[in-house]
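Structure assessment
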Amino acid sequence: MAKRPQLTGRAAILAIVVCAIAMSLAYPVREYISLRRSLSELRAEKARVEAERQALLVRDRQSNDPNWIKKTAKERLHYCGPGEKCYVVMEPQQGKAQAAVKQQAQVPPWYETLWESVEAADKGTGRRAVTGKESVGQ
């Protein structure tokens with residue numbers, strides 16, 4: 001009795017057809033999965049934006065409330081209404097040495113420094129800028 005080959009022509013054709021179907025479905029399945037992932041990311045972003053929108057709507061409704069406006073003005077701007085007695089509670093001084101250190105660390109605002117330099121240049125009392133080519137003694 002003759003031995004049959006293990007791979008027949010029908011099996012080879014079937015293997016080729018199965019591979020062709022798998023290859024033709026691989027790209028659409030991959031695209032489907034990536035689109036599902038991006039859809040879920042967009043839904044999460046939409047939920048985040050909607051929550052932010054709701055918070056902004058609540059803030060907008062608050063800003064129309066006159067009591068909220070008064071309360072905010074008192075808290076942020078230390079506003080005192082007519083006929084009210086307002087007090088500012090100061091922290092106890094922790095020592096003059098620490099206060100002196102805090103005062104030395106304060107830098108004047110940039111516009112004040114700019115204006116002082118303009119006035120000094122106008123009066124001619126300003127210092128010349130030293131470059132690498134000049135000597136300091138000149």
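Cut-offs used in this document
- Counting from 1, residues in each chain are numbered in the order their sequence is written.
- Restriction of local features to residues with pLDDT of at least 70 applies here, the model being predicted, together with a cutoff of 80 or more for giving and counting side-chain atom pairs; totals for whole chains, interfaces and linings are based on all residues.
- Calculated side-chain values reflect all of the structure's heavy atoms, with hydrogen atoms and water omitted.
- In what follows, a disulfide is any cysteine sulfur pair within 2.5 Å.
- The rule is simple: take the accessible area with a 1.4 Å probe, protein chains only, and divide by the maximum for that residue type; under 20% is buried, over 50% is exposed, in between is partly exposed.
- Per residue, pLDDT captures the predictor's confidence, and it can take any value from 0 to 100.
- Starting at the N terminus, helices and strands are each numbered in turn, a helix being any DSSP run of H or I of at least four residues and a strand any DSSP run of E of at least two.
- In this description, contact between two residues means that some pair of their heavy atoms is separated by no more than 4.5 Å.
- To estimate the expected span of a helix, subtract one from its residue number and multiply by 1.5 Å.
- Patch membership is restricted to residues that have no salt bridge and whose relative accessible area is over 30%. Joining uses 9 Å for like charges and 5 Å for the nonpolar side chains Val, Leu, Ile, Met, Phe, Trp and Tyr.
- Calculation of accessible area relied on Shrake-Rupley with a 1.4 Å probe; when residues are assessed, cover is drawn exclusively from the protein chains displayed.
- Just to be clear on terms, a salt bridge is a Lys or Arg side-chain nitrogen sitting within 4 Å of an Asp or Glu carboxyl oxygen.

Let us look at the state of the cysteines. As enumerated under the stated definition, the model contains one disulfide in all. Here Cys80 connects covalently by a disulfide to Cys86, the sulfurs 2.2 Å from one another. Disulfide Cys80-Cys86: the torsion about the S-S bond is 95°, which places it as right-handed. Judged by relative accessible area, which is 44%, Cys86 ranks as partly exposed.

Scored by pLDDT, the protein chain comes out at a mean of 81, with 79% of its residues at no less than 70. Across the protein chain, the element-wise mean pLDDT spans from 57 in helix H3 (residues 96-105) up to 92 in helix H1 (residues 9-63). Confidence drops under a pLDDT of 50 for residues 134-138, and excluding neighbours within four residues, the segment shows three contacts in the predicted structure.

For helix H4 (residues 110-123), built from 14 residues, the straight-helix expectation of 20 Å at 1.5 Å per residue is met to within 8% by its first-to-last C-alpha distance of 20 Å. Trailing H4 by a residue or two, Gly124 shows a phi angle of about 80°, which is positive.

Here we come to a nonpolar patch on the surface. On the surface, Ile13, Val17, Ile21, Leu25, Val29, Tyr32 and Ile33 cluster together into a nonpolar patch covering about 670 Å² of accessible area. Following the sequence through the fold, Val29 ends up in helix H1. Val29 gets classed as partly exposed once you look at its relative accessible area, which sits at 44%.

Time to look at the pattern of salt bridges. Enumeration according to the criterion identifies three salt bridges in this entry. Among the salt bridges present, the one from Glu52 reaches Arg48, with a minimum N-O distance of 3.7 Å. With Glu52 and Arg48 both in helix H1, this residue pair falls four residues apart, about one helical turn. Glu52 sits in the partly exposed class, given a relative accessible area of 46%. For Lys74, the salt bridge goes to Glu84, with nearest N and O atoms at 3.0 Å. Taken together, the residues Lys74 in helix H2 (residues 66-77) and Glu84 in the loop between H2 and H3 connect sequence positions 10 residues apart. For Lys74, a relative accessible area of 37% gives the class partly exposed. On the basis of relative accessibility, which here comes to 38%, the residue Glu84 falls in the partly exposed class.

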